[in-house]
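Take a look at the letters that make up each chain.
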Amino acid sequence: MLDNVGDHNEMGEEEEDIILSELPNDELVLQMHDDLYDGLKEDVVEGTTILLERGWSAEKVLSEALVGGMTIVGIDFRDGILFVPEVLLAANAMKGGMSILQPLLAETGAKPVGTMVIGTVKGDIHDIGKNLVGMMMEGAGFVVIDIGINNSVEDYLAALEKYQPDILGMSALLTTTMPYMKVVVNALVEHGLRDKYIVMVGGAPLNEEFADAVGADAYCRDAAEASTTAIRMVAEKRLACA
Amino acid sequence: MSERSGRRKSRGRDAKHADRKRNQMEVAAFIDRKIPYFDYLSTESLELIEHNADTVLEEIGIDFRDDPEALSLLKDAGADVEGERVRFPRGMCRSIIQASAPKEFTQFARNTERNVIIGGDRTVLVPSYGSPFVRDLDGGRRYATINDFENFVKLAYMAPGLHHSGGTICEPVDLPVNKRHFDMIYSHIKYSDKPFMGSVTHPDRAQDTVDMAKLVFGDEFVENNCVCISLINANSPMTFDATMLGAAKVYARHNQATMISPFILAGAMSPVTVAGTATQILAEALAGMAFVQIVKPGAPVVFGTFASAISMQSGAPTFGTPEPSMVMYAVGALARRLGVPFRSGGGLTASKVPDAQAAYESANTLQAAAMSGVNFMLHTAGWLEGGLSMSYEKFIMDCDQANMLAVLLKGADMSENGQAMDALREIGPGSHFLGSAHTQANFKTAFYRSTVADNNSFEQWQADGELDCAQRANAQWKQMLNDYVAPELDPAIDEALLEFISKRKGSFPDKEY
Ligand code: B1M
């Protein structure tokens with residue numbers, strides 16, 4: 001009997017070992033897309049480091065290797081091919097790469113994709129949806145500050161003050177708590193802060209009309225839409241301010 | 001006029017028309033089960049789950065959040081309290097519960113013929129709960145209003161297969177958040193005489209529920225008897241929050257029933273396996289029910305569970321799939337071993353409209369709930385869209401299913417008449433039974449007659465307008481609301497309730513949270 005060399009994947013196909021540092025740039029980027037897809041954090045970190053060593057700017061690594069890869073993940077999540085636990089791993093791998101890029105981006109003054117503070121409103125402990133939104137946003141390259149459940153106006157204001165994000169995200173699943181979103185938006189207006197932040201809201205009992213009524217900038221029906229909307233709105237805002 | 005003696009006057013066409021239109025359902029206050037439980041897991045498996053649940057309680061513990069009083073009560077009772085984490089020595093919760101929690105209890109209704117016994121071999125069927133939206137064929141999906149709420153109370157009152165008026169049948173979104181409970185409780189009392197559920201979204205609202213019940217039943221009666229039952233959800237995994245604990249304390253102290261319900265979307269809120277989920281549910285329920293017994297020994301508690309699995313593709317809850325049914329079978333058996341009533345089940349579905357998906361997912365969960373021995377079946381009728389929407393048509397379709405569960409649980413008739421040996425002898429080989437004396441005597445009630453299914457010929461169905469099930473149900477609920485006659489309510493009680501409500505509503509400002 002012949003010994004099989006190399007590993008076997010789910011399909012029983014033989015997998016060849018590769019050495020990332022030996023790949024040319026274009027192949028390495030494609031390989032990193034696959035590594036993100038499979039949630040291989042260490043490999044993504046290694047790939048990120050290699051590209052930086054080869055003289056790529058942090059911005060270029062971010063957009064071509066990481067965001068490019070996560071876009072594919074997002075598409076396959078939307079289409080039901082990737083499952084939530086797999087996207088979670090992919091987002092984690094992305095975070096691994098980001099942890100290397102972030103200080104470099106900060107040094108050059110380049111902006112990250114965006115920053116978001118997210119939490120459920122006062123009286124509401126439903127957080128599964130919020131967690132999924134956070135995961136998708138991280139996957140899209142956002143820095144996400146999750147302030148958890150049951151947040152009062154003061155909690156939100158304090159987090160905005162501290163983290164200066166692009167986006168304030170609020171989630172609510174109860175008809176008894178979703179009106180509180182308006183209380184928060186009103187407080188932003190009162191403090192002259194309303195225009196400083198993009199306000200995004202979501203949760204199963206909400207709809208577009210309700211989001212308009214509370215004065216939010218966007219309502220998103222699910223996590224995938226939240227991340228695409230966030231990317232678009234941050235880009236638009238930066239363009240408008242530029 | 002010639003007098004013929006010895007012949008009964010025939011009742012004729014009109015009488016028969018009236019007879020056939022009347023629902024042939026026996027109206028009973030609740031279902032008395034006559035069939036065995038379906039043992040899905042072996043005794044060894046159940047013992048293993050019990051052992052593991054005790055390990056969870058002892059080793060990992062349960063968080064009781066933002067409620068220092070709860071922590072000190074638990075500590076005094078012998079639990080190990082570290083911050084908000086509470087660990088229970090092996091067997092502690094079980095022995096506290098078994099020492100004082102009733103195995104079964106009566107929930108009184110303002111019409112005593114509607115009293116229900118919760119626990120033992122009984123099943124009480126209850127409308128759906130908690131939907132922010134309603135939907136019907138004419139108006140589509142929209143936020144619910146108090147008018148919808150009243151409509152559903154009336155429909156549940158008229159439905160012979162539902163034994164209970166339920167609680168937050170749908171959320172009256174048109175009323176201020178901090179005052180809508182008054183109108184909901186009032187509707188249950190005014191438009192129905194079946195038993196009802198209380199408000200849990202704030203301890204003050206629980207207190208208002210108790211105070212309103214006292215105006216109906218009298219102070220002393222309420223302190224000594226269960227007149228309302230309320231839904232206390234665990235915030236799984238392994239957490240109880242102050243809102244729910246606060247409401248639970250109010251109800252327990254007034255001797256009112258609570259259903260401690262781990263409400264699980266498996267995969268997100270519990271492990272993905274049946275045994276793992278059942279273990280966590282048991283641990284959480286044991287902790288919650290023991291807490292209620294510590295607050296007020298003897299206060300009625302129900303072991304609740306609501307199990308669903310999430311879609312691994314989106315995180316959304318799914319219904320009518322096999323795994324949550326397995327969990328329900330397991331937890332039903334665990335509740336019986338513990339010796340407390342069991343709440344679960346319902347006509348659950350993720351479908352957005354009352355279509356084929358809605359029907360089969362609901363049938364799957366309703367049947368499994370019946371077989372698993374659910375005593376209090378919340379969400380029996382109306383549920384759509386994972387509980388986000390309460391449907392008028394689906395309500396009618398589910399009521400049909402509810403009627404059928406009553407027949408199923410009654411078991412087969414093994415009396416002499418049930419054995420039908422006379423019929424077999426009379427007819428013998430080769431003939432048919434339609435004319436036999438036995439058939440003539442039994443045909444009216446022998447088979448359940450669906451209220452919404454169509455079994456006619458294709459041509460007849462065509463002539464009747466080619467209606468599908470939802471369309472037939474649409475006509476039915478409208479007819480029911482049209483025919484509705486309110487049960488009598490003592491005007492003095494009505495006045496007292498209205499006065500109480502207006503006084504309380506006037507004593508604090510409207511708030512939208
Ligand atoms: C910032 O930008 C964004 C953008 C997009 C955003 C976003 C933010 N946030 C969400 N999105 C969007 O993206 C997400 C991912 O795709 C999506 O998030 P979702 O959260 O919609 O979807 C999740 C992935 C899966 N969905 C969920 O997680 C919610 C499912 C349902 C079944 C639900 C659950 C699971 C729970 N519950 Co509750 N619960 C229900 C829910 C009914 C339903 N079908 O929605 C609902 C919302 N609950 C309800 C109720 C009544 C309650 N619950 C309660 C408790 C709980 C549990 C703790 C048991 C549990 C939550 C556990 C947890 N850690 O989150 C109680 C309240 C607790 C509290 N203080 O908050 C309690 C009051 C129960 C009681 N005892 O009476 C009902 C609402 C009633 C109302 N007034 O509106 C309810 C409709 C169910 C029902 N019919 O009873 C999108 O909405």
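Conventions and cut-offs
- Residues numbered from 1 in each chain as written.
- Chains lettered and ligands numbered in written order.
- Predicted model: local features only at pLDDT ≥ 70, side-chain atom pairs only at ≥ 80, totals over all residues.
- Heavy atoms only, no water.
- UniProt positions renumbered as here; feature names shortened; annotations may be inferred.
- Near = heavy atom within 4 Å.
- Polar contact = N/O pair within 3.5 Å; in protein donor to acceptor, adjacent residues only side chain to side chain.
- Helix = DSSP H or I, 4+ residues; strand = E, 2+ residues; numbered from the N terminus.
- Nonpolar A, V, L, I, M, F, W, Y, C, P; charged D, E, K, R; others polar.
- Pairing = 2+ DSSP bridges.
- Contact = heavy atoms within 4.5 Å.
- Axes fitted to C-alpha atoms, helices over the stretch in contact; angles between N-to-C directions.
- Donors = N, O, S within 2.8 Å, 3.2 Å for Na, K, Ca; no water.
- Buried area = accessible area lost by both parts, 1.4 Å probe.
- Salt bridge = Lys/Arg side-chain N within 4 Å of Asp/Glu carboxyl O.
- Buried < 20%, exposed > 50% of the residue type's maximum accessible area, 1.4 Å probe, protein only.
- Arc of directions from axis to C-beta.
- Phe/Tyr/Trp six-rings, centres within 6.5 Å; stacked < 30°, edge-to-face > 60°.
- Domains from an automatic or database assignment.

In the annotation of an unreviewed UniProt entry, the entry for chain B reads Methyltransferase, and the organism field reads marine gamma proteobacterium HTCC2143. Quoted verbatim from the Sequence similarities (unreviewed entry) heading of the UniProt record, the comment on chain B is "Belongs to the trimethylamine methyltransferase family."

The name given to chain A in an unreviewed UniProt entry is Corrinoid methyltransferase protein, putative, with the source organism recorded as marine gamma proteobacterium HTCC2143. The UniProt entry for chain A carries this comment under Sequence similarities (unreviewed entry): "Belongs to the methylamine corrinoid protein family."

Novice: Talk me through the site of the ligand; I want residue IDs and the actual numbers.
Specialist: Every one of the 44 residues lining the ligand counts as a neighbour, but A:His126, A:Asp127, A:Ser171, A:Thr175 and B:Gly386 are closest to it. Residue A:His126 places a side-chain N or O atom 2.7 Å away from a nitrogen atom belonging to the ligand. Within the residue set of the shell around the ligand, elements represented by two or more residues are helix H5 (128–139), strand E5 (167–171), strand E6 (198–202) and helix H9 (223–241) of chain A together with strand E11 (228–234) and strand E13 (257–266) of chain B. Residue composition of the shell around the ligand, grouped by class: 24 nonpolar, 15 polar and five charged.

Novice: An account of the UniProt feature "domain: B12-binding N-terminal" (unreviewed entry) in chain A is needed here, citing residue identities and associated values.
Specialist: Feature annotation in UniProt assigns "domain: B12-binding N-terminal" (unreviewed entry) to the following positions: residues 19–113 of chain A. End C-alpha to end C-alpha, residues 19–113 of chain A measures 30 Å, and it is 76% helix and 0% strand.

Novice: Describe the sheet that holds E6(A), naming the residues involved and giving the relevant values.
Specialist: All names here are of chain A. Spatial ordering of the open sheet is given by E4-E3-E5-E6-E7, a layout of five strands whose pairing is parallel. The sheet is open, and its two edges are formed by strand E4 (143–146) and strand E7 (218–219), each paired on a single side. Bridging between strand E3 (residues 115–120) and E4 involves four bridges; their strand directions are parallel. Counterpart to Met116 in the pairing with E4 is Val144. H9 rests against E5, E6 and E7 of the sheet, and its axis sits at about 165° to E6.

Novice: Tell me about the coordination of the cobalt atom of the ligand, residues and numbers included.
Specialist: What the protein offers the cobalt atom of the ligand as a donor is a single atom, A:His126 (NE2), at 2.2 Å. With respect to the helices, strands and loops of the structure, A:His126 is situated in the loop between E3 and H5.

Novice: Tell me what's going on with the interface of chain A and chain B, and back it up with residues and numbers.
Specialist: How big an interface is tends to be stated in terms of accessible area lost as the parts join. Listed per partner, the contact involves 21 residues of chain A and 21 residues of chain B. In this assembly, chain A packs against chain B so that about 1,700 Å² is buried in total across both faces, 68% of it on carbon and sulfur atoms. Summed over the three residues of chain A that lose the most area to chain B, namely A:Ile128, A:Thr175 and A:Thr176, the buried surface amounts to 32% of that side. Linking chain A with chain B are zero salt bridges. Viewed at the interface, chain B and chain A are joined by five residue pairs in polar contact (both at pLDDT 80 or more). At the level of secondary structure, the elements contributing two or more residues to the side of chain A that touches chain B comprise helix H4 (84–108), H5 and helix H7 (180–190) of chain A. A class-by-class count of the residues in the side of chain A that touches chain B yields 16 nonpolar, four polar and one charged.

Novice: Let's hear about helix H6 (residues 153–163) of chain A: which residues, and what values?
Specialist: All names here are of chain A. Within the sequence span of H6, burial applies to Val153, Tyr156, Leu157, Ala159 and Leu160. Down the axis, H6 shows its buried residues gathered within 165° of arc, on one side only. More than 90 degrees from the buried face of H6, the exposed residues found are Glu154, Glu161 and Lys162.

Novice: Give a detailed account of the packing of aromatic side chains, specifying residues and quantitative values.
Specialist: The geometry of an aromatic ring pair is captured by the separation of the ring centres together with the interplanar angle, meaning the angle of the planes. Residues and elements named next belong to chain B. Enumeration according to the criterion identifies 19 aromatic pairs over all chains in this entry. With a centroid separation of 6.1 Å and 10° between ring planes, the pair formed by Phe217 and Phe221 is classed as stacked. Centroid distance Tyr392 to Trp477: 4.4 Å. Interplanar angle 35°. Geometry classified as tilted. Linking Tyr392 in helix H13 (residues 392–410) with Trp477 in helix H18 (residues 469–483), this pair joins segments that are 85 residues apart in sequence. Residue classification places Trp477 among the buried positions, given a relative accessible area of 9%.

Novice: Report on the environment of B:Val327, specifying residues and quantitative values.
Specialist: All names here are of chain B. Here Val327 is to be found in helix H11 (residues 322–338). Given the relative accessible area of 5%, Val327 is considered buried. Separated by 71 residues in sequence, Val327 and Gln256 place their C-alpha atoms 28 Å apart. The residues contacting Val327, other than those within four sequence positions of it, are Val274, Thr277, Ile281 and Ala307.

Novice: Break down the domain arrangement of chain A for me, with residues and values.
Specialist: All names here are of chain A. With domains assigned, chain A is organised as domain 1 (21–110) and domain 2 (112–241). Each of domain 1 and domain 2 was reduced to a C-alpha centroid, and the two centroids are 25 Å apart. Contacts between the two partners involve 15 residues from domain 1, matched on the other side by 10 residues from domain 2. Across the domain 1/domain 2 interface, buried area totals approximately 1,000 Å², and carbon plus sulfur atoms make up 79% of it. Inspection of the region where domain 1 meets domain 2 yields one salt bridge. Linking domain 1 to domain 2 there are zero residue pairs in polar contact (both at pLDDT 80 or more). Of the residues forming the side of domain 1 that touches domain 2, the biggest block, nine residues, is contributed by H4. Residues belonging to the side of domain 1 that touches domain 2 are distributed by class as follows: 12 nonpolar, two polar and one charged.

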